Amino acid sequence: LPDITAVVIAFWRMGLASLFLWVYSGFNNQGKLKPSWRLPVIIAGIFLGFHFAFFFSAVKLTKISNATLLGTTAPLFTLFIEMFFMKRRFPLITIFAIFISILGAVIVHGFSMDFSSEDAKGNLLAVACSACIALVFLIAEKVRKTTSTIIYSRHLFMIAAMTLIILSLIRGDRLFSFSGTDFIFFLLLGFFPSILGHGILNYSIKFLPPSVVSSVPLGETIIASTAAYFIFFEPIPLNTAIGGTLTLTGLFILNFRNRGARFSSDARL
């Protein structure tokens, strides 16, 4: 979708995903969202809208490998919030994993302080999209305790779509200027990565910590970078390969070596 702006792509992805779930709910009653959860879901939906706006903007500005790598660093943000705001304690290896993950992200950026280039802007937007989705998962952890996946997801996607409409109006984007082929891609984005992909994540957040759930998209980096190489002939820069390896290593350590001690009250920093 090279001729469609990032915000418009994000809107149609969220709007169609929400529509699919509301139509399904019309045929198969799912119940209603509890009034006490309305404000948290609205906040989460706003952050989700910005997440996709930032992510698709990053894809258009920087390498796909960079965007998908830096766009999956949400576990770093969830862990930071869990440690310093939710007062959860973590083992030393978790701190080490965070350090090498951040180091990898810095290497991907190229140790450059020049934020005027397109790549640099794209990298920063990818990091911003990770921060947004981290907040979404932290809110979802609370809401999903008493709310079904479909009820939560349909409201979440709807608020995200409404947020993106407002953004598109502010930017002057044209929401309905696209071809039939473009709309097919919108449908695919709305169904597969949104309803199936994010739907699975929204389901899992009821049973797993946000840091673990936010680590699930790690495979996206490898798959997307490989696909970009063969489909778009987009090379993977050396700094991305090295930094990406470090970041992925750190995130895998966070995910697979610390789950047992993640919420232990006697875990030491």
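Each remark here, short or long, concerns the structure printed above.
Trainee: When you look at the pattern of salt bridges in this model, what are you seeing that I'm missing?
Mentor: Working definition: two side chains of opposite charge can pair if their charged atoms are close together. Taken as a whole and assessed by the stated rule, the structure comprises 2 salt bridges. Ionic pairing is found between Lys63 and Asp119, a salt bridge with its closest N-O pair at 4.0 Å. With Lys63 in the loop between helix H2 (38-61) and helix H3 (64-70) and Asp119 in helix H6 (residues 118-143), this pair connects stretches of sequence that are 56 residues apart. Asp173 is the partner of Arg171 in a salt bridge, and the nearest nitrogen-oxygen pair spans 2.7 Å.

Trainee: So what exactly am I meant to see when it comes to the state of the cysteines here?
Mentor: Here, the word disulfide means a covalent bond between the sulfur atoms of two cysteines. Evaluation of the coordinates by the stated rule reveals 0 disulfides. Just so you know, Cys129 is unpaired, no disulfide at all, and the nearest cysteine sulfur is the one on Cys132, 7.5 Å from it.

Trainee: Quick question: what am I supposed to make of unusual backbone geometry here?
Mentor: Most peptide bonds take the trans configuration, and most residues that are not glycine carry a negative phi. In the Ramachandran plot, Phe233 falls in the positive-phi region, its phi being about 55 degrees despite a non-glycine side chain. Of note, Phe233 is situated in the loop between helix H10 (218-231) and helix H11 (238-256).

Trainee: Would you take a moment to explain the environment of Trp22 for this structure?
Mentor: Following the sequence through the fold, Trp22 ends up in helix H1 (residues 6-27). The class of Trp22 is partly exposed, set by a relative accessible area of 33%. Note: C-alpha distance between Trp22 and His155 (133 residues apart in sequence) is 8.8 Å. Sequence-distant contacts of Trp22, defined by excluding residues within four places in its chain, comprise Arg154, His155 and Met158.

Trainee: Help me out: how do you make sense of the packing of aromatic side chains in this one?
Mentor: Two numbers describe a pair of aromatic rings. These are the distance of the centres and the angle of the planes. Tallied over the entire structure, the rule returns 16 aromatic pairs. With a centroid separation of 5.3 Å and 80 degrees between ring planes, the pair formed by Trp12 and Phe178 is classed as edge-to-face. You can see Trp12 sitting in helix H1 and its partner Phe178 sitting in the loop between helix H7 (149-171) and helix H8 (180-204), a full 166 residues away along the chain. Looking at Phe178, the relative accessible area reads 26%, which means it is partly exposed. Taken together, a centroid distance of 5.8 Å and an interplanar angle of 85 degrees make the contact between Trp12 and Phe183 edge-to-face. Placement of the pair is Trp12 in helix H1 and Phe183 in helix H8, with a sequence separation of 171 residues. Chaining the aromatic ring pairs together yields one cluster made of Phe11, Trp12, Phe176, Phe178, Phe183 and Phe186. Here Arg154 stacks its cationic end above the ring of Trp22, 4.3 Å away from the centre of that ring.

Definitions and cut-offs
- Residues numbered from 1 in each chain as written.
- Predicted model: local features only at pLDDT ≥ 70, side-chain atom pairs only at ≥ 80, totals over all residues.
- Heavy atoms only, no water.
- Salt bridge = Lys/Arg side-chain N within 4 Å of Asp/Glu carboxyl O.
- Helix = DSSP H or I, 4+ residues; strand = E, 2+ residues; numbered from the N terminus.
- Disulfide = S-S within 2.5 Å.
- Buried < 20%, exposed > 50% of the residue type's maximum accessible area, 1.4 Å probe, protein only.
- Contact = heavy atoms within 4.5 Å.
- Phe/Tyr/Trp six-rings, centres within 6.5 Å; stacked < 30°, edge-to-face > 60°.
- Lys NZ or Arg CZ within 6 Å of the ring centre and 35° of its normal.

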